[in-house]
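Summary of the model geometry
This is what each chain is made of:
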Amino acid sequence: MARELLTARLAQKQCISESSQCYRFEFVIDELDSFPFTPGQFISAVADDANGKQQTRAYSLASAPEGNRFELCVNRVEEGFFSNHLADLPDLPIGATIQIHGPHGHFVLREPVTDSILVATGTGIAPMRGFTQWLFPPEDGPAAGPDRSQGKQIWLVYGTRQESELYFREEFEALAQRVPNFHYLPTLSRAPQSWAGLRGYVQDHVAGIVEQRAAQLGQTLPLPAPDPAIPPAELRFDVNAYVCGLNNMVMAVRERLAGYGWHRKQIIFERYD
Ligand SMILES: Cc1cc2nc3c(=O)[nH]c(=O)nc-3n(C[C@H](O)[C@H](O)[C@H](O)COP(=O)(O)OP(=O)(O)OC[C@H]3O[C@@H](n4cnc5c(N)ncnc54)[C@H](O)[C@@H]3O)c2cc1C
């Protein structure tokens, strides 16, 4: 069955990292009053390639729902078709459009909100930005709203190679200043000597959070397995991890958390490759 295609008009485009050629796009769907989705979901973008063959690629929604607009965060992939098609849309054009369908996907926050470790590399930050905008809406402006974090601790562990690739850094730093239960932990795998922040891979810093949290709560690691009499759908946890990026990183984080006795249903993930 053919999916219903929506036309999304480019309203804003901003290069957010020259070194990795990463862009933030804001689109508006003029034919809709509102474009409802759950933060963390993705849209599928559709376009014909040079041979007239229809190509479809998934892109995570990089914002929380707000009227009929949505944002994406896309970096150019060398020789890639769709990422270059998007990155080549001219600046602030009137009428530049793409075709999309969606929203799709199950990479969404489990409710009620629990303590949560958000783990991303590269453009895997996109759904995390949607999560944090939804959990901690701004205090004024059109997107203003009540805090939805219910006082739970939210850590964002974000790994990139270099400082210039920490997308939306100012936003996350400002949020960490504004709300005491949001913790921003950027880590660089190729940090220069001058970098005073965290270094190395995300899984090592996730491990630090898990160990420190367990110590504070008086829990012994590895955690005991849940009661096998409880059906998986009814299992409830006091902490979850949300992991998004390339498969190698996702696997490494899952493996590390499994080593602490975390149940597979506590680790919600989205793989980009
Ligand atoms: C659920 C989901 C959500 C996604 N969300 C985003 C997002 O928010 N932002 C974003 O930039 N991308 C996202 N992606 C990846 C995106 O769908 C495309 O795969 C990516 O833009 C490359 O497409 P392309 O047409 O430019 O490259 P293609 O023409 O498909 O591929 C060209 C070459 O690049 C390799 N390649 C493909 N994807 C990647 C990649 N991500 N990194 C490195 N090499 C790659 C391919 O193996 C191939 O050799 C998401 C993927 C999924 C499955």
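Let me sum up the structure you'll find in this document. Every residue gets a number counted from 1 within its own chain, in the order that chain's sequence is written. pLDDT decides what is reported in this predicted model: residues at 70 or higher carry local features, side-chain atom pairs at 80 or more are listed and counted, and totals for whole chains, interfaces and linings draw on all residues regardless. To get the side-chain values, take all heavy atoms of the structure and skip hydrogens and water.

Digging into the overall build of the protein chain
Going along the chain from the N terminus, every DSSP run of H or I of four or more residues is numbered as a helix, and every run of E of two or more is numbered as a strand. Looking only at helices and strands, one finds five helices and twelve strands in the protein chain. In terms of principal-axis extent, the alpha carbons of the protein chain reach across some 60 × 50 × 40 Å. Accessible area of the protein chain: about 13,900 Å², with a carbon and sulfur share of 49%. In this count, Lys and Arg are taken as positive residues and Asp and Glu as negative ones, while His and the chain termini are left out. Just so you know, the charge point we use is NZ for Lys, CZ for Arg, CG for Asp and CD for Glu. Side chains of the protein chain give 24 positive and 32 negative charges; the mean places of these two sets differ by 4 Å. What sets the accessible areas is the Shrake-Rupley method with a 1.4 Å probe; for residues, cover comes only from the shown protein chains.

A few points about the pairing of strand 1 (residues 6-17)
Sheet topology note: the strand 1/strand 6 (residues 97-104) ladder contains four bridges and is antiparallel. Note that in strand 6 the partner of Leu 6 across the bridge is Ile 100. In this structure, strand 1 lies alongside strand 2 (residues 22-28), joined through seven bridges in antiparallel fashion. In the strand pairing of strand 2, Leu 10 is matched with Phe 27. Strands are labelled as partners when DSSP assigns at least two bridges between them.

Digging into the sheet that holds strand 9 (residues 182-188)
Across a sheet, strands are paired by hydrogen bonds formed along the backbone, either parallel or antiparallel in direction. Read from one edge of the open sheet, six strands run 10-9-8-7-11-12, paired in parallel fashion. At either margin of the open sheet sits one strand with a lone partner, and together these are strand 10 (198-199) and strand 12 (267-271). Two elements, strand 9 and strand 10, share two bridges in a ladder whose sense is parallel. Bridge pairing in strand 10 links Thr 187 to Leu 198. Sheet strands in contact with helix 3 (residues 169-178) are strand 8 (154-160) and strand 9, and its direction is about 140 degrees off that of strand 9. Contacts: residue pairs with any heavy atoms within 4.5 Å of one another. The axes used here are C-alpha line fits, helices contributing only the stretch in contact, and every angle between their N-to-C directions lies in the interval 0 to 180 degrees.

As for the site of the ligand
Among the 19 residues in the neighbourhood of the ligand, the closest are listed as Arg 57, Ala 58, Tyr 59, Phe 82 and Ser 83. Polar contacts here mean pairs of N or O atoms no more than 3.5 Å apart (in protein, one a potential hydrogen donor and the other a potential acceptor; neighbouring residues in sequence count only if both atoms are side-chain atoms). A distance of 3.3 Å is found between an oxygen atom of the ligand and a side-chain nitrogen or oxygen belonging to Tyr 272. Considered on its own, the ligand offers 900 Å² of accessible surface; in the complex 69% of this is hidden by protein. Counting residues per element, the ones that place at least two in the shell around the ligand are strand 4 (54-60), strand 5 (69-75), helix 1 (82-87) and strand 12. It is strand 4 that contributes the most residues to the shell around the ligand, four residues altogether. Nearness is judged by heavy atoms alone; a residue qualifies as near a molecule or strand once a single heavy atom is within 4 Å of it.

Quick look at the environment of Val 74
Tracing the backbone shows Val 74 in strand 5. Separated by twelve residues in the primary sequence, Val 74 and Ala 62 have C-alpha atoms spaced 9.5 Å apart. Val 74 has contacts with Gln 21, Cys 22, Tyr 23, Phe 25, Tyr 59, Ser 83, Leu 86 and Thr 123, leaving out every residue within four places of it along the chain.

Some details on the packing of helix 4 (residues 202-217) against helix 5 (residues 247-259)
The interhelical angle for the contact between helix 4 and helix 5, taken along N-to-C directions, is 25 degrees, at an axis separation of 9 Å. By the angle between their axes, helix 4 is roughly parallel relative to helix 5. The hand of the helix 4/helix 5 crossing is right-handed. Across the interface between the two elements, Val 202, Gln 203, Asp 204, Val 206, Ala 207 and Val 210 from helix 4 touch Met 249, Ala 252, Val 253, Arg 256 and Leu 257 from helix 5. For the contact of helix 4 with helix 5, the residue count by class is eight nonpolar, one polar and two charged. Put simply, angles under 35 degrees are roughly parallel, angles over 145 are roughly antiparallel, angles from 65 to 115 are roughly perpendicular, and the rest are oblique. Note on convention: near helix rotated counterclockwise from far helix by under a right angle means a left-handed crossing. Clockwise means right-handed. The nonpolar class holds Ala, Val, Leu, Ile, Met, Phe, Trp, Tyr, Cys and Pro. Asp, Glu, Lys and Arg form the charged class, and all remaining residues, Gly among them, are polar.

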